[in-house]
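An overview of the molecular structure
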Amino acid sequence: MTDNFAQDVRDGLTSKNKYLSSKYFYDDNGSRIFQEIMNMPEYYLTNAEFEILSLQSKQIIEALQFKTPFNIIELGAGDGLKTFKLLEYLVDNNIDFNYVPIDISQKAIDLLSARLKERLPKITIKPKVGDYFKILKANKESECPSLLLFLGSNIGNYPKDKAKELLRLFNDNMKVGDKLLVGFDLKKNPIIIHNAYYDKHGITKRFNLNLLLRINRELNADFNLDDFDFYCHYNPETGNVKSYIISLREQVVNVGGLDADIHFDYNELIWTELSKKYAIDEIIKLAKDTNFNHKTNFLDCKHYFTDSLWEK
């Protein structure tokens, strides 16, 4: 990870328009700060999807129309909190399935497996650590149909072309008749979205600036956090939330691990994250454009979020 991290930081900070990949937010400290974000009353996303998976598990499983035992493959399982209610419904109703959580972190997978075995002793878990597509390619040989889970509005972090590329890769590594349940944050009152990302508590600011602390620690840089600020902007027409770190003065930051001095202009921006919000018609079109049949959308009571069910 360090080699990739170093190269990606070099590429981003030496680009004409500076950027840092949001995938590097989640070191140990970043993950703790993100837990704080999810607990904010303004951050509606986690609760909205949890509501869907808690209250509509029966409808989701019935919509699969699987006639035989099947796999539930969760891409980027993390702590598995949202998925728990869906798994609990399956176990309580004696439905024959295998749960296959995939994550890049062995520690995350070990914790998830232990927690689920304690809370749902009858569950069959076949955890995998590593690259999604290597694991999906092997699963394609399985005779069992599969439901892939790509939850948490992760798709919103990808620009349009990259989102299509990712979804086509999922499709290429699925069998005909397999299903995909993918989470989308929906377009809504812009004030609600603004408050979720530009929070008055300053937690999202700490989350972004922690990326500079990570560069300091892992790449021997000398970023001074007092010289940087955070800003984000929601465009209700495109649905894009874009987050930035701002240099508050003209300065040079030394990144020893890259043997590089990085120059920042006064008020220069570092783009850190895209969080796209979708309209329902955009979701249906995206399914079609990536070779899926759109089946149905499961919505929370406020229609803030949807888990959209697609079929190959």
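Residues numbered from 1 in each chain as written. Predicted model: local features only at pLDDT ≥ 70, side-chain atom pairs only at ≥ 80, totals over all residues. Heavy atoms only, no water.

Summing up its helical and strand segments, the chain has 11 helices and 12 strands in all. Overall size of the chain, expressed as C-alpha extent along the three principal axes, is 65 × 40 × 35 Å. Expressed as a percentage of the 312 residues in the chain, the buried residues total 50%. Partitioning the intrachain contacts of the chain with sequence separation of at least 6 by distance along the chain shows that 72% fall at a separation of at least 24. Put simply, the chain has 41 plus and 45 minus side-chain charges, and the middle of one group is 5 Å from the middle of the other. (Helix = DSSP H or I, 4+ residues; strand = E, 2+ residues; numbered from the N terminus. Buried < 20%, exposed > 50% of the residue type's maximum accessible area, 1.4 Å probe, protein only. Contact = heavy atoms within 4.5 Å. Lys, Arg positive; Asp, Glu negative; His and termini not counted. Charge placed at Lys NZ, Arg CZ, Asp CG, Glu CD.)

With that out of the way, let us pick up unusual backbone geometry. Positive phi outside glycine occurs at asparagine 291, with the angle close to 70°. Note that asparagine 291 resides in the loop between α11 (280-289) and β11 (293-299). On the accessibility criterion, asparagine 291 (52% relative accessible area) is exposed.

To continue, consider the pattern of salt bridges. Per the counting criterion, the structure on display carries 20 salt bridges. Measuring nitrogen to oxygen at the nearest pair gives 2.7 Å for the salt bridge that ties lysine 18 to glutamate 268. Taken together, the residues lysine 18 in the loop between α1 (2-13) and α2 (28-38) and glutamate 268 in the loop between β9 (260-264) and β10 (269-276) connect sequence positions 250 residues apart. Taken as a pair, lysine 18 and glutamate 268 share a single burial class, namely buried. A salt bridge links arginine 249 to aspartate 227, with the nearest nitrogen and oxygen atoms 3.1 Å apart. (Salt bridge = Lys/Arg side-chain N within 4 Å of Asp/Glu carboxyl O.)

A word on α2. When we look at burial in α2, the residues that qualify are Gly30, Ile33, Phe34, Ile37 and Met38. The buried residues of α2 occupy an angular sector of 150° when the element is viewed end-on, so they sit on one face. Summarising the geometry of α2, the exposed residues directed more than 90 degrees from the buried face are Asp28 and Arg32. (Arc of directions from axis to C-beta.)

Moving on, we come to the sheet that holds strand β6 (residues 228-235). Strand order in the open sheet formed by three strands is β6-β7-β10, with antiparallel pairing between adjacent strands. In this open sheet, the two strands that pair with only one neighbour each are β6 and β10. The sheet shows a mean angle of 20° between the axes of neighbouring strands, direction not considered. As judged from the eight bridges shared by β6 and strand β7 (residues 240-247), these two strands associate in the antiparallel manner. By the bridge assignment for β7, aspartate 229 is matched with isoleucine 246. Across the face of the sheet, helix α10 (residues 203-219) comes into contact with β6, β7 and β10 while running at roughly 120° to β6. (Pairing = 2+ DSSP bridges. Axes fitted to C-alpha atoms, helices over the stretch in contact; angles between N-to-C directions.)

Once that is clear, we can look at the pairing of strand β12 (residues 305-311). Across the seven residues of β12, seven count as buried, placing the element largely inside the fold. Of the two faces of β12, the one carrying Phe305, Asp307, Leu309 and Glu311 and the one carrying Thr306, Ser308 and Trp310 are both buried. Sheet topology note: the strand β5 (residues 179-185)/β12 ladder contains seven bridges and is antiparallel. Paired with valine 182 across the strands is serine 308, a residue of β12. Bridge count for β11 against β12 is six bridges, and the pairing is antiparallel. Across the sheet, residue histidine 294 finds its bridge partner in β12, namely tryptophan 310.

Moving on: the packing of aromatic side chains. Scanning the entire structure with this criterion turns up 21 aromatic pairs. Relative to phenylalanine 264, the ring of phenylalanine 228 has its centre 5.4 Å away and its plane inclined at 80°; by these criteria the two rings are edge-to-face. Linking phenylalanine 228 in strand β6 with phenylalanine 264 in strand β9, this pair joins segments that are 36 residues apart in sequence. Here phenylalanine 228 matches phenylalanine 264 in class, with each residue buried. Lying over the aromatic face of phenylalanine 84, arginine 119 brings its terminal NZ or CZ to 3.8 Å of the ring centre. In this arrangement the basic side chain of lysine 242 is found over the ring face of tryptophan 271, its NZ or CZ atom lying 4.6 Å from the centre. (Phe/Tyr/Trp six-rings, centres within 6.5 Å; stacked < 30°, edge-to-face > 60°. Lys NZ or Arg CZ within 6 Å of the ring centre and 35° of its normal.)

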